[in-house]
Amino acid sequence: MIRRIAVNTGGGDAPGLNAVIRAVAISAMGRGWEVLGIRYGYRGLIEDDPAGVVSLDRNSVRGIHHLGGTILGSTNRGDPFRYPMMKDGQLVPTDVSGKVIRRLEELGVDALVAIGGDGSIKLSAKLLERGLPRVIAVPKTIDNDLSGTDQTFGFDTAVATATEAIDKLHTTAQAHERVMVVEVMGRHAGWIALYSGIAGGADVVLIPELPFDIERVCDKIRWREVMNRRFAIVVVAEGATEVGGAAVFKEGAGQFKEHGQLGGIAERVAHEIQLRTGKETRSIVLGHLQRGGSPVMTDRVLALRLGCAATRFIADTTTSGLVAIRGNAIQLVPIADGTARIRTVPLDSDVLLTGRQLGICFGDEQPESFEPSLTPPPPSLPPYRVFKGGPA
Ligand code: F6P
């Protein structure tokens, strides 16, 4: 018999988190359950802070479905198995998972709804092993790279933001006849780059799944020049690599991120393009803009569906699991499914093929070449195409 559940949000935020919290809270209250919110991942249970756990009543989740961020706060430094605790004047990674489990027990929590990405999902699985009675994990990440589920909320919003930015870059690139290289997020998956690149009419899209040859990228830019299209838009995923090269990480970011922070590939690509083609080239990193703002309609609906499904599974089953969307059906799958592997862009994906057929250069040896060869335009073609504000 369920009386009380708790909810938390961990890892990098994604638009739609508040919609999940609202759906969990309202649907739980509808069943007569009490709902607690844990602040900042598990931190609210670890630190002796009276405001670390809050009661989520109807008023506290009113009007939040369209807000970005999370009303509960989040952190990607709240691993209870390696929590930084002060010892002899130094912060030492300490296993405080026992405290987390004890606190939830003291609070009378029958099930925890843990909303998070791969790191948080792995933590839920470990806490279950250590004795936490029940966890329903709700997958989230703008990167859309979790296995076990077909889509994560936050992705559509991130793509919409990136697409809008690419639209804007088109006008300034065309005005100055420059190459603009725009770096988007996605870690080691190219979903955001691929979708925003296609939607934004990019000329080149570089994704981690297809190591690129910078000369092929430059060829595409030279070809455009020959065709009198004297500007170009290059979208590069933060985790993209050159053939035989390695991913680019930001220097000095290790203090806060154990596995480093991706960043800097756009600048490198821009530098090479300018050097090799002589075209003036600028780079821009969209960064956390992609995580901010109001979730788009599809992310809101997905998030609300996942939140309601979480409480339905708590009521209708006795197990733990991950709330996944497969096809258009919501299912409870084993938690480990969510982190079994990184869901990258399949090389035979229809979206990738669409990009190729549209003439987008992926910087690779194309298995099917739809890209025009580097021959000058036939004389029948008009020498110049007037740019009307959209991608050309
Ligand atoms: O996983 C989501 C994500 O936004 C990635 O796309 C990006 O690499 C990373 O998080 C950035 O993390 P942070 O907020 O720690 O800089």
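Scroll up for the structure.
Cut-off values and rules
- Residues numbered from 1 in each chain as written.
- Predicted model: local features only at pLDDT ≥ 70, side-chain atom pairs only at ≥ 80, totals over all residues.
- Heavy atoms only, no water.
- Pairing = 2+ DSSP bridges.
- Helix = DSSP H or I, 4+ residues; strand = E, 2+ residues; numbered from the N terminus.
- Axes fitted to C-alpha atoms, helices over the stretch in contact; angles between N-to-C directions.
- Contact = heavy atoms within 4.5 Å.
- Buried < 20%, exposed > 50% of the residue type's maximum accessible area, 1.4 Å probe, protein only.
- Polar contact = N/O pair within 3.5 Å; in protein donor to acceptor, adjacent residues only side chain to side chain.

Chemist: Before we move on, could you go through the sheet that holds strand β3 (residues 53–55) and cite the residues and values that matter?
Modeler: Spatially, seven strands are ordered β3-β2-β1-β6-β7-β12-β13 in an open sheet, and the strand pairing comes out mixed. The open sheet has two edge strands, β3 and β13 (329–333), and neither has a second partner. Strand-to-strand twist across the sheet, computed as the mean angle between neighbouring axes with direction ignored, equals 25°. When strand β2 (residues 34–38) meets β3, the two strands line up antiparallel, connected through three bridges. For G37, the partnering residue across the bridge sits in β3 and is V54. Helix α4 (residues 118–129) rests against β6 (111–116), β7 (135–139) and β12 (321–326) of the sheet, and its axis sits at about 170° to β7.

Chemist: Please set out the side chain of S196 residue by residue, giving values where relevant.
Modeler: Note on placement: S196 falls in helix α6 (residues 191–199). What makes S196 buried here is its relative accessible area of 0%. A polar atom in the side chain of S196 sits 2.7 Å from the backbone oxygen of I192. Engagement of the side chain of S196 in a polar contact is seen with the backbone oxygen of A193, the distance being 3.5 Å. Among all residues touching S196, those that are not within four sequence positions of it are V159, A162, T163, I166, V184 and V235.

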